[in-house]
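Analysis of the macromolecular model
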Amino acid sequence: MNIILLGPPGAGKGTQARKLVDERGMVQLSTGDMLRAARTSGTDMGKKVAAVMDAGNLVTDEIVIGLIREQLSSDNAPGGYIFDGFPRTLAQADALGNLLVEMGETLDRVIEMQVDDEALVARITARSTCGDCGEVYNDQTKPWPADGKCSNCGGTNQTRRADDNEDSLKTRLMAYYKQTSPLVGYYYAKGDLKSVNGLASMDEVAASITKALG
Ligand code: AMP
């Protein structure tokens, strides 16, 4: 089963993708993670996209489609793929459709995670992650453990994303509404879309996604 998690920044796509990876053996393809890895390793592409990402704008379709193409040709995912943060434009959605056809694969479900804007701002500005395993924390609802160690892996590398601040978030939200939200209609028209309430608790959202996957 190949699925897309669609939703604005802070909707919980990464958190739910990690659950699906653990529970169903699916492979998570997050273009945001791939771009951050390119920055950390200092590749030419990583340097090129750094300022665009920090400001909260979208990097070019060419770059992200290239990243996804590379992953799809090298990965083996019997449990299926979770596309997390991709596609974000209509051109990316078309490209993904073509890539899947080339591979003889199908897109089985698009899960839209609905969250209101105020909740997004609160979530994003309180967010931190474990730099070692990716576990997501929230200063209010799931604070980084007092002993300084990640509850999942024991690592001590608490990190905050450079673009998790109010200014970048405004740009990211605008990019979502202008460039990505048309995909809701696009996939609805194709008959692939299911929407879930992303404001519920993590386990309730997971249960809604399980139901939506059938
Ligand atoms: P994310 O981790 O999904 O929130 O992505 C972080 C940033 O990476 C975004 O704000 C964009 O600058 C860039 N990015 C990630 N995925 C895409 C994509 N599919 N298309 C364009 N830019 C992307």
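The structure contained in this document is the topic of the report that follows. (Residues numbered from 1 in each chain as written. Predicted model: local features only at pLDDT ≥ 70, side-chain atom pairs only at ≥ 80, totals over all residues. Heavy atoms only, no water.)

**A word on the site of the ligand**
In the region of the ligand, 16 residues are neighbours, and Thr31, Arg36, Asn57, Gly85 and Gln92 sit closest. One of the backbone N or O atoms of Asn57 is found 2.5 Å from an oxygen atom in the ligand. The separation between an oxygen atom of the ligand and a polar side-chain atom of Arg161 is 3.0 Å. Computed on the free molecule, the ligand has an accessible area of 480 Å², of which 96% lies beneath the protein chains in the complex. Ranked by residues supplied to the shell around the ligand, first place goes to helix α2 (residues 31-40) with four residues. When the residues that make up the shell around the ligand are grouped by side-chain class, the tally is six nonpolar, five polar and five charged. (Near = heavy atom within 4 Å. Polar contact = N/O pair within 3.5 Å; in protein donor to acceptor, adjacent residues only side chain to side chain. Areas by Shrake-Rupley, 256 points an atom, 1.4 Å probe, with all protein chains shown as cover. Helix = DSSP H or I, 4+ residues; strand = E, 2+ residues; numbered from the N terminus. Nonpolar A, V, L, I, M, F, W, Y, C, P; charged D, E, K, R; others polar.)

**What to know about helix α7 (residues 166-180)**
The terminal C-alpha atoms of α7 lie 20 Å apart, and with 15 residues this matches the ideal 21 Å at 1.5 Å per residue to within 8%. Those residues of α7 that fall on the buried side of the exposure criterion are Ser168, Leu169, Arg172, Leu173, Ala175, Tyr176 and Thr180. The buried residues of α7 occupy an angular sector of 160° when projected down its axis, which confines them to one face. In this structure, α7 carries Asp167, Lys170, Met174 and Lys178 as exposed residues pointing more than 90 degrees from its buried face. Of the surrounding elements, those touching the buried residues of α7 are β1 (3-6), α3 (44-55), α6 (117-125), β5 (127-130) and α8 (182-190). Measuring from the backbone nitrogen of Asp167 back to the side-chain oxygen at the start of α7 gives 3.1 Å, which picks out Asn165 as the cap. (Expected span 1.5 Å × (residues − 1). Buried < 20%, exposed > 50% of the residue type's maximum accessible area, 1.4 Å probe, protein only. Arc of directions from axis to C-beta. Contact = heavy atoms within 4.5 Å.)

**What about the nonpolar core?**
Counting residues in each nonpolar core, the largest one holds 30 residues, and the members touching the most others are Ile4, Leu35, Ile68, Phe83 and Tyr187. If you list the elements that add at least two residues to this core, you get β1, α2, α3, α4 (61-74), β3 (81-84), α5 (90-103) and α8. At six residues, the largest contribution of residues to this core is made by α4. Not counting residues within four places of it along the chain, the set of residues in contact with Ile68 comprises Leu29, Thr31, Met34, Phe83, Phe86 and Leu99. Among the nonpolar cores identified, the runner-up in size contains 20 residues, and Ile82, Met113, Ile124 and Ile209 belong to it. (Core = buried A, V, L, I, M, F, W, Y, C linked by side-chain atoms within 4.5 Å.)

**Considering the side chain of Glu135**
Relative to the helices and strands, Glu135 resides in the loop between β5 and β6 (136-138). Look at Glu135 and you get buried, because its relative accessible area is 15%. One polar contact links Glu135 to Arg18, side chain to side chain, over a distance of 2.9 Å. Contacts of Glu135, omitting those with residues within four sequence positions, involve Arg18, Ser128, Thr129, Cys130, Lys142, Cys150 and Asn152.

**Quick notes on empty space enclosed by the protein**
Enumeration over the complete set of coordinates arrives at one cavity of 30 Å³ or more. Its volume calculated, the largest cavity comes out at about 40 Å³. Along the walls of the largest cavity sit Gln16, Lys19, Leu20, Glu23, Ala206, Ile209 and Thr210, which together make up its complete lining. The set of elements that each furnish at least two residues to the lining of the largest cavity consists of α1 (13-24) and α9 (202-213). Sorting elements by how many residues they give to the lining of the largest cavity places α1 first, with four residues. (1 Å grid on protein atoms, 1.4 Å probe; cavity = no way out; pocket = protein on both sides within 12 Å on 5 of 7 lines; lining within 4 Å. Points joined across faces, edges and corners; volume = space filled by probe spheres on them.)

**A few points about the environment of Tyr81**
In this structure, Tyr81 sits in strand β3. With near-sequence residues (within four places) excluded, Tyr81 lies in contact with Met1, Asn2, Ile3, Met26, Val27, Leu29, Gln71, Leu72, Asp75, Asn76 and Met103.

**Description of the pairing of β3**
The alternating pattern of β3 places Tyr81 and Phe83 on one face and Ile82 and Asp84 on the opposite face, and all of these are buried. When β1 meets β3, the two strands line up parallel, connected through three bridges. When the sheet's bridge partners are listed, Ile4 is paired in β3 with Phe83. (Pairing = 2+ DSSP bridges.)

**Side note on the environment of Lys142**
Of note, Lys142 is situated in the loop between β6 and β7 (158-159). Those residues in contact with Lys142, other than ones at most four positions away along the chain, are Glu135, Val136 and Tyr137. In terms of polar contacts, Lys142 uses its side chain to reach the side chain of Glu135, at 2.7 Å. Separated by 3.1 Å, the side chain of Lys142 and the backbone oxygen of Val136 make a polar contact.

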